[in-house]
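Inside the fold
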Amino acid sequence: MTPAPLPLVPPPAFRLGAFLWKLVLTPGAALSGTVAPALRAALGPHLPPAGVEAVLALLCFVAMSGFVTVTALVLTLAERKVAAFFQNRKGPNRVGPWGLLQPIADVVKLLQKEDTVPRAADRPVFLLAPFMAMAATYMVLAVLPFDRGLAVTDLDLGVLYITAVSGLGVLSILMAGWASANKYSLLGGLRSAAQIVSYELSPALVVLSVVLFSGTLSVQGIVERQAAGWNLWAMGPMGVVGMLIYLTAGTAEINRAPFDLPEAESELTAGYHTEYSGMRFSMFQLAEFMNMFVVAALTATLFLGGWQPLGPLAALHIPGYLWFFGKSGAMVFVIMWFRWTFPRVRVDQLMTLEWKILLPLSFLNLIGVALWTALGMK
Amino acid sequence: MGLREVLLAVFAFGALAFALAVVSTRNTVYAALEFVAHLLCLAALYCLLDAPLLGVLQVMVYAGAIMVLFLFAVMMLDIQETGRESAFQGPGQVAGALLLAALLFALLVFGADRFPAAALAPAAAPGAPGVGADNVVRVARALFERGALVFEAVGVLLLTAVVAVMVMAKRRLEN
């Protein structure tokens, strides 16, 4: 009788360390390969299958809420610091070291403000509008690819889904503008509707050209196809033109300066959110910041290779999510740069830009990409 | 009962409730918003029934574009004051509506029995990965292979309509 060999099980502390290391390097594989099966196995005996999936979905929602909170805090500070940089001043520098705690102070200020509803306002719609804005933003976040395998879900129709749900945000602006019972708010809401419906067209065409080139509608699939070369140059001249169209029209779609006509303070007080205060106002603000991040992240995903490293730098084994956040951060900086470089356009200039310049250009771009793909240039 | 069945029931009843709300609300803006909610419920139903392409297009075209333009017009005209009277007038209308609804329901129930089961069977297991991508390919084949001629004809028709609208709008501006 031979003695049973000692089982080669590493001590728990070592296994925890290895898991944490994996979580840092490849969070997608760690979460979907280790954490999700473990949770399913732990919950399985206690809940029906529907319940298990519901709990996992809820956990994803909580994680995304944490992500939204942190991103919004970083972006509010970045917005003020970048503005200060362009105007040659210091920006927030009193709360915490280098003003780093300023966003926390802002949140405390907003939290204790009174939540007012105008007497003439349409109460249910007025109260619902900020939630609608947040819901539309959250729906886009569900397919954002942070790293290989790291997304709430990877839909087969991912890109189409993004185009569809990002159009829902305008409903919240219309609701807020109308329910406020205020002519400035209504004008802001109506301007926004005209603007967003117009500026949905050229980004959709640019996305279509990327889909044509990649041969897939899945967001993760589009990133995977950029392993050899980012779409920015893999698509030839059409990549550069497409990215410029997408970034310009994206900035207009999220109502940011120089296209911030729905809230032009010199003409409309604050546009659709004039009557909002406290937390409801900050929900609009939060949605706006997250939309800016989403446009930046999608530009990075569609044209700059998402979480893919830059050619020779792949040897450094930098985790994919750092690439993703680095590229998205650079695009956020460009969008903020727009704001302090271009004066606000007029309504007619805005419409001319989309219908007479960007839209024909994106049609030509689509034809160019179709020819490029048909000639086998990928 | 899986998550799928629960969600199907939730969105089916949601779609019905919002549809009823659309026709019974006096406020035009409310009715438009309820119609958006109804369309979103329908889109969710399409996705649950393995037609995700239809669901996404429903959100993109109807909820995201057409209803936004509709709301735009309704809000601009501010026609709150017109629809003061209830949508349903008198017991006759209510009875008629109920009768029609019952007839339609009976038709659906008995009609569903006669429908060949093979036509309803999904190509892949419901909810299986890849159903969405397959969905796009199959719709594309139906549109561009079997229905290519009709598809092109509809495209020309729509283009004609767009040009006609522009000509008419232009003439009105000049007068």
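As the structure is a computational prediction, the values presented were derived from the model and not from experiment.

This part is about the packing of helix H9 (residues 201-214) of chain A against helix H12 (residues 237-253) of chain A. Residues and elements named next belong to chain A. The geometry of H9 relative to H12 is characterised by a closest axis approach of 8 Å and an angle of 145 degrees between their N-to-C directions. Remark: the crossing between H9 and H12 carries left-handed chirality. Together, Ser-202, Pro-203, Val-206 and Val-207 of H9 and Gly-242, Ile-245, Tyr-246, Ala-249 and Glu-253 of H12 make up the contact between the two elements. In the contact of H9 with H12, the residues fall into six nonpolar, two polar and one charged.

Before going further, it helps to spend a moment on H9(A). All names here are of chain A. With 14 residues, H9 ought to run about 20 Å at 1.5 Å a step, and its terminal C-alpha atoms sit 20 Å apart, in line with that. Among the residues of H9, Ser-202, Pro-203, Leu-205, Val-206, Val-207, Ser-209, Val-210, Val-211, Phe-213 and Ser-214 are the ones counted as buried. The positive-phi residue at the C-terminal boundary of H9 is Gly-215, with phi of around 75 degrees.

Looking now at the packing of aromatic side chains. The relation between two aromatic rings is expressed through the spacing of the ring centres and the mutual angle of the planes. All names here are of chain A. Applying the stated criterion to the full structure yields 18 aromatic pairs over all chains. Where Phe-333 meets Trp-337, the ring centres are 5.7 Å apart and the plane angle is 50 degrees; that geometry is what we call tilted. Residue Phe-333 and its partner Trp-337 are both found in helix H15 (residues 320-341); the two are separated by four residues, about one turn of the helix. Of the residues examined, Phe-333 reaches a relative accessible area of 32% and is grouped as partly exposed. Measuring from centroid to centroid gives 6.0 Å for Phe-338 and Phe-342, while their planes differ by 55 degrees, and the two rings are tilted. The exposure class assigned to Phe-342 is partly exposed, which follows from its relative accessible area of 47%. Within the aromatic cluster, the residues linked to one another by ring pairs are Phe-67, Phe-146, Phe-293, Phe-324 and Phe-325. In this structure, Lys-183 is placed above the aromatic ring of Tyr-184, and the distance from its NZ or CZ to the ring centre is 5.5 Å.

Before going further, it helps to examine unusual backbone geometry. Residues and elements named next belong to chain A. The backbone of Asn-88 sits at a positive phi, close to 60 degrees, despite the residue not being glycine. As for its position among the elements, Asn-88 is in the loop between helix H3 (49-86) and helix H4 (102-111). With relative accessibility at 74%, the residue Asn-88 sits in the exposed group.

Procedures and definitions
- Residues numbered from 1 in each chain as written.
- Chains lettered and ligands numbered in written order.
- Predicted model: local features only at pLDDT ≥ 70, side-chain atom pairs only at ≥ 80, totals over all residues.
- Heavy atoms only, no water.
- Axes fitted to C-alpha atoms, helices over the stretch in contact; angles between N-to-C directions.
- Helix = DSSP H or I, 4+ residues; strand = E, 2+ residues; numbered from the N terminus.
- Left-handed = near helix turned anticlockwise from the far one by under 90°.
- Contact = heavy atoms within 4.5 Å.
- Nonpolar A, V, L, I, M, F, W, Y, C, P; charged D, E, K, R; others polar.
- Expected span 1.5 Å × (residues − 1).
- Buried < 20%, exposed > 50% of the residue type's maximum accessible area, 1.4 Å probe, protein only.
- Phe/Tyr/Trp six-rings, centres within 6.5 Å; stacked < 30°, edge-to-face > 60°.
- Lys NZ or Arg CZ within 6 Å of the ring centre and 35° of its normal.

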